[in-house]
Amino acid sequence: MDERFTPEHEAFRRTVRQFVEKELAPHALEWDQAGEFPRDVFRRCGELGFFGISHDTAWGGSGLDYWYVAAFAEELARARNGGVAMSLLVQGQMATPVINELGTDEQKREFLAPALTGERIAALAMSEPDAGSDLARLRTTARRDGDDYVIQGAKTWISNGARADFLVLAVRTGGEGAPGISLVTLPTDVKGFAVSKKLQKVGHRSSDMAILYFEDCRIPARYVLGRENDGFFHIMNSFHAERLVTALYTVAVMDDLLREAIRYGRERQAFGKRLLDFQVWRHTFVDHATRVEAARQLTYQAVQLFNRKRKQKPVKEIAMAKLLTTELAQRVAYDCQQFYGGMGYVEESHVARAWRDVRMLTIGGGTSEVMKEIIAGTMAL
C-alpha cells in the first residue's frame, strides 16, 4: 500500500474494485459491441457514492480528499472498457465539479444533486467543429433576451452527449476571445436542442460521444454559472482536473496490461518454452514497468499538490503527468498486443480493445502538443 493512501482510502478502493469486477468487467466486450451500456450503471455508481467523492456534502457528496478520487480512477481500469470508464469520470470528475464550485443553491438542487445520485446524466459541452483545443475561438452564442438567454450553435466530441439530461455548456456571451465566454447549465429537454448524431469512434465504443445542435434554445439567465463573461478561467481549471484524473486512470490501465501480459506469458508456450522465458520480452516488460512506475510517481506528485486546494493549480505537474502517461500508454498497449500475437488482434481479447481505447488519451482533454505548449510556458521557453 502506498503511504499516501490510508486504510480508509484502501477500504474505499476495495469497494470500487468489487463493484467494477462484478458489475462492469464481465460486460466489457458486450457493451463495446452494442455501442452503449445500461443507464442503470449511473444509478448504481450514484448509490455507492462514486460521483460525489470530493463534492459538497450538502448536495449528496462525501467531501473527501482527492486521494479517494485517485483510488476510484485507478480501479476503473479493471473494467477493461475505456468508454464506460470515461463516461463515469465525466459524470463525477469533469462535468459536475464546476457546478459544485460555482453553482447557486438552486443550480445545485436542480443539477448537481441528481447527478451525484446518478438520476440525471451530465455532459461537459466545450469543443466545437472549429474550436477543439483552441476554445477561445468558440462560436456557440448565448444572446440575452430579457430574463433569458437564447443559444445558437453546435458542439462536437461531447462524451455522454447522446443521452445527457443536462449540459455544462460553454457559450459566447460577449466579444471575441477568452473574455467573452460564459458557462451555463442547459437541460437537454429544452426546445431547439438536438443530438445530430452519435459518433462512430475508433475506441471507447460503448460511450455516447455526440454532435449537438442548439437552435433558439431558451434558458433562464439564472442558469449562468458564476459571472457572465468569466467562464474561460473556470474552463481552464476544469481541464486541470480532467487531465489529472486521466493520468491516474492511464497509469492503472498500463498496470493492468502489463500484469495480464505477464500472466499470459507464464502460461503460453512457443518453441519449447514459455513466452516469458525469451529475454527480449522480459527486458521489454522491465523497461515498461520502470517507466510506468516513474509515471505513477509524477502523477502522485501532481495529486499531492492538487489535493492541497490552493488557488494556484499545479499546472506544469498536471500537464507533465498527462503527457507522460498517455504517450507511454501508446507504447505499452502496442507491445502488449504484439506479445499476444494473433490473440491480440481479436475483439475478444481485452488487449485489442485497450490498444484502441488508449489512442484517444493523447487527444482528449488537450492533445500532447498542447501539453507541451503548457509546459513550455511554465518554463518561460
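Worth saying up front: this structure is predicted, and the values here are computed from it rather than measured.

(A) The UniProt feature "domain: Acyl-CoA oxidase/dehydrogenase middle" (unreviewed entry) in the protein chain, seen in detail. With numbering matched to this structure, UniProt assigns "domain: Acyl-CoA oxidase/dehydrogenase middle" (unreviewed entry) to residues 123–217. What you have in residues 123–217 is 0% helix and 49% strand, and the ends, taken at the C-alpha atoms, are 17 Å apart.

(B) Representation of the pairing of strand β7 (residues 210–220) within the structure. As judged from the 8 bridges shared by strand β3 (residues 148–158) and β7, these two strands associate in the antiparallel manner. Residue pairing in the sheet places Tyr-149 in a bridge with Ile-219 of β7. As defined by bridge partners, strand β6 (residues 193–198) adjoins β7 across 5 bridges and the pair is classed as antiparallel. Among the inter-strand pairings, Lys-197 is bridged to a residue of β7, identified as Ile-211.

(C) Inspection of the packing of aromatic side chains at higher detail. In this structure the tally under the stated criterion is 20 aromatic pairs. Taking the centre distance of 5.9 Å and the plane angle of 85° together, the rings of Phe-12 and Phe-50 count as edge-to-face. Linking Phe-12 in helix α1 (residues 7–24) with Phe-50 in the loop between α3 (40–47) and α4 (66–76), this pair joins segments that are 38 residues apart in sequence. Judged by its relative accessible area of 14%, Phe-12 is buried. Relative to Phe-50, the ring of Phe-19 lies with its centre 5.6 Å away and its plane at 65°, an arrangement referred to as edge-to-face. Of the two residues, Phe-19 sits in helix α1 while Phe-50 sits in the loop between α3 and α4, which places them 31 residues apart along the sequence. Summarising the burial analysis for this pair, Phe-19 and Phe-50 share the class buried. Aromatic rings pair up to connect Phe-12, Phe-19, Phe-50, Tyr-68 and Phe-72 into one cluster. The ring centre of Tyr-149 lies 5.3 Å from the NZ or CZ of Arg-144, which sits over that ring.

What counts and what doesn't
- Residues numbered from 1 in each chain as written.
- Predicted model: local features only at pLDDT ≥ 70, side-chain atom pairs only at ≥ 80, totals over all residues.
- Heavy atoms only, no water.
- UniProt positions renumbered as here; feature names shortened; annotations may be inferred.
- Helix = DSSP H or I, 4+ residues; strand = E, 2+ residues; numbered from the N terminus.
- Pairing = 2+ DSSP bridges.
- Phe/Tyr/Trp six-rings, centres within 6.5 Å; stacked < 30°, edge-to-face > 60°.
- Buried < 20%, exposed > 50% of the residue type's maximum accessible area, 1.4 Å probe, protein only.
- Lys NZ or Arg CZ within 6 Å of the ring centre and 35° of its normal.

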